[in-house]
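Commentary on secondary and tertiary structure
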Amino acid sequence: MSAGGGAGLAARPREGSPEAGGFAPSALGTREHWDAVYERELHSFQEYGDTGEIWFGEESMSRLVRWMQEHEIPLGAAVLDIGTGNGVLLVELAKFGFTNITGIDYSPSAIQLSGSIIEKEGLSNINLKVEDFLNLSTELSGFHICIDKGTFDAISLSPDNAVEKRKQYVRSLSRVLKAKGFFLITSCNWTKEELLNEFSEGFVLFEELPTPTFSFGGRSGHSVAALAFQKT
Ligand SMILES: C[S@@+](CC[C@H](N)C(=O)[O-])C[C@H]1O[C@@H](n2cnc3c(N)ncnc32)[C@H](O)[C@@H]1O
């Protein structure tokens with residue numbers, strides 16, 4: 001298992017490119033890329049038992065679980081992990097005691113990998129589904145908590161109409177999250193202010209989650225933004 005810092009997703013030159021709404025388009029915004037990643041990771045898991053990359057590291061998962069604990073989110077609350085990848089966050093949530101967890105990803109290999117990891121952990125009761133968050137099936141709705149760790153970042157890098165895809169993301173989120181539900185996002189490509197702007201319609205900032213501070217060359221800041229929004 002490797003703890004990714006999310007550096008691979010940070011593909012934006014800060015001055016940005018107008019056609020992608022500030023991001024340099026990248027293969028990281030394509031399904032072909034993620035299919036190839038998770039086919040490779042599935043093979044590594046089958047061969048060596050390696051669960052693969054944890055985007056933004058282990059701490060990013062503990063931070064989310066801690067937040068849910070501190071805010072007394074009921075263990076039976078319906079939780080959706082958007083773009084679950086290897087599903088390791090689902091495993092953490094299930095181990096903590098959450099009983100109504102769903103992970104979706106548009107890459108079938110990611111869902112196959114998540115299923116294998118969940119099975120190896122001896123966990124059941126986790127719903128997994130191949131699903132494109134930008135083109136949802138009708139069944140997905142009524143979630144109390146939606147979590148995104150690196151998926152909005154990946155979508156923002158789409159070489160093909162990223163601006164519209166970001167808008168569709170917000171529409172899909174509004175659809176699956178119930179009123180007063182929480183959206184927890186961890187991002188390395190967007191600042192807090194930019195995320196507030198992206199999710200200004202239908203969501204309000206509930207809280208900023210603590211993230212580690214870096215200092216480099218006389219500058220300091222946060223390498224990721226982690227925010228909790230509430231649906232209005
Ligand atoms: C940077 S990875 C993060 C994976 C996981 N959330 C984690 O923290 O390890 C981005 C994930 O988003 C998924 N993804 C990207 N666009 C998606 C979409 N439109 N619908 C569903 N999943 C998507 C990718 O397949 C990939 O698993």
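Conventions used here
Residues numbered from 1 in each chain as written. Predicted model: local features only at pLDDT ≥ 70, side-chain atom pairs only at ≥ 80, totals over all residues. Heavy atoms only, no water. Helix = DSSP H or I, 4+ residues; strand = E, 2+ residues; numbered from the N terminus. Rg over C-alpha atoms; globule rule 2.2 N^0.38 Å. Buried < 20%, exposed > 50% of the residue type's maximum accessible area, 1.4 Å probe, protein only. Contact = heavy atoms within 4.5 Å. Lys, Arg positive; Asp, Glu negative; His and termini not counted. Charge placed at Lys NZ, Arg CZ, Asp CG, Glu CD. Expected span 1.5 Å × (residues − 1). Arc of directions from axis to C-beta. Near = heavy atom within 4 Å. Polar contact = N/O pair within 3.5 Å; in protein donor to acceptor, adjacent residues only side chain to side chain. Areas by Shrake-Rupley, 256 points an atom, 1.4 Å probe, with all protein chains shown as cover. Nonpolar A, V, L, I, M, F, W, Y, C, P; charged D, E, K, R; others polar. UniProt positions renumbered as here; feature names shortened; annotations may be inferred. Phe/Tyr/Trp six-rings, centres within 6.5 Å; stacked < 30°, edge-to-face > 60°. Salt bridge = Lys/Arg side-chain N within 4 Å of Asp/Glu carboxyl O.

1. Here's the deal with the overall build of the protein chain
Counting secondary structure elements, the protein chain contains 7 helices and 11 strands. Here the C-alpha atoms of the protein chain give a radius of gyration of 17 Å, agreeing with the 17 Å that 2.2 N^0.38 yields for 232 residues. Structurally, the protein chain occupies a C-alpha span of about 45 × 40 × 40 Å along its principal axes. Looking at the protein chain as a whole, 50% of its 232 residues qualify as buried. For the protein chain, long-range pairs separated by at least 24 residues make up 74% of all intrachain contacts whose partners lie at least 6 apart in sequence. Each charge sign in the protein chain was given a centre, from 20 positive and 31 negative side chains, and these centres are 5 Å apart.

2. Looking at helix α6 (residues 162-176)
The first and last C-alpha atoms of α6 sit 21 Å apart over 15 residues, in line with the 21 Å expected at 1.5 Å per residue. Those residues of α6 that sit buried are Ala162, Arg166, Tyr169, Val170, Ser172, Leu173 and Val176. Angular distribution of buried residues about the axis of α6 spans 165°; they occupy a single face of the element. Looking at the buried positions of α6, the neighbouring elements they touch are β3 (79-82), β6 (143-149), α5 (151-156), β7 (177-187), α7 (192-198) and β8 (203-208).

3. Let's talk about the site of the ligand
Residues in close proximity to the ligand total 17 residues, the closest being Gly83, Asp105, Asp132, Phe133 and Lys149. Taking phenylalanine 133, its main chain carries an N or O atom lying 2.9 Å from a nitrogen atom of the ligand. Within the side chain of lysine 149, one N or O atom sits 2.7 Å away from an oxygen atom of the ligand. Starting from 590 Å² of accessible surface for the ligand in isolation, the protein chains cover 98%. Those elements giving two or more residues to the shell around the ligand turn out to be α1 (31-48) and α5. Looking at the shell around the ligand residue by residue, the classes come out as 8 nonpolar, 5 polar and 4 charged.

4. As for the UniProt feature "domain: Methyltransferase" (unreviewed entry) in the protein chain
The positions that UniProt labels "domain: Methyltransferase" (unreviewed entry) are, in the present scheme, residues 77-204. Annotated as 39% helix and 27% strand, the span residues 77-204 places its first and last C-alpha atoms 20 Å apart.

5. Thoughts on the packing of aromatic side chains
Using the criterion set out here, one finds 17 aromatic pairs in the structure. Relative to phenylalanine 206, the ring of phenylalanine 182 has its centre 4.8 Å away and its plane inclined at 65°; by these criteria the two rings are edge-to-face. Separated by 24 residues along the polypeptide, phenylalanine 182 in strand β7 and phenylalanine 206 in strand β8 bring together distant segments of the chain. Taking 5.5 Å as the distance between ring centres and 45° as the angle between the ring planes, the aromatic pair formed by phenylalanine 199 and phenylalanine 229 counts as tilted. With phenylalanine 199 in the loop between α7 and β8 and phenylalanine 229 in strand β11 (residues 225-231), the pair connects residues that are 30 residues apart, well separated along the chain. Across the pair, phenylalanine 229 and phenylalanine 199 agree in class, each one buried. Among the aromatic residues, those joined into a ring-pair cluster are Phe133, Phe152, Tyr169, Phe183, Trp190, Phe199, Phe203 and Phe229.

6. Thoughts on the pattern of salt bridges
Evaluated as defined, the whole model comprises 9 salt bridges. For the salt bridge of arginine 31 with aspartate 35, the shortest nitrogen-to-oxygen distance reads 3.5 Å. Here the residue arginine 31 and the residue aspartate 35 both occupy positions in helix α1, the gap between them amounting to 4 residues, near one helical turn. Classification of aspartate 35 by relative accessible area gives buried; the value is 17%. The salt bridge involving arginine 171 is made with glutamate 164; its shortest N-O contact spans 2.5 Å. Judged by its relative accessible area of 42%, arginine 171 is partly exposed. For glutamate 164, a relative accessible area of 33% gives the class partly exposed. A cluster of three or more residues bridged by salt bridges with shared partners is formed by Lys129, Glu131 and Glu139.

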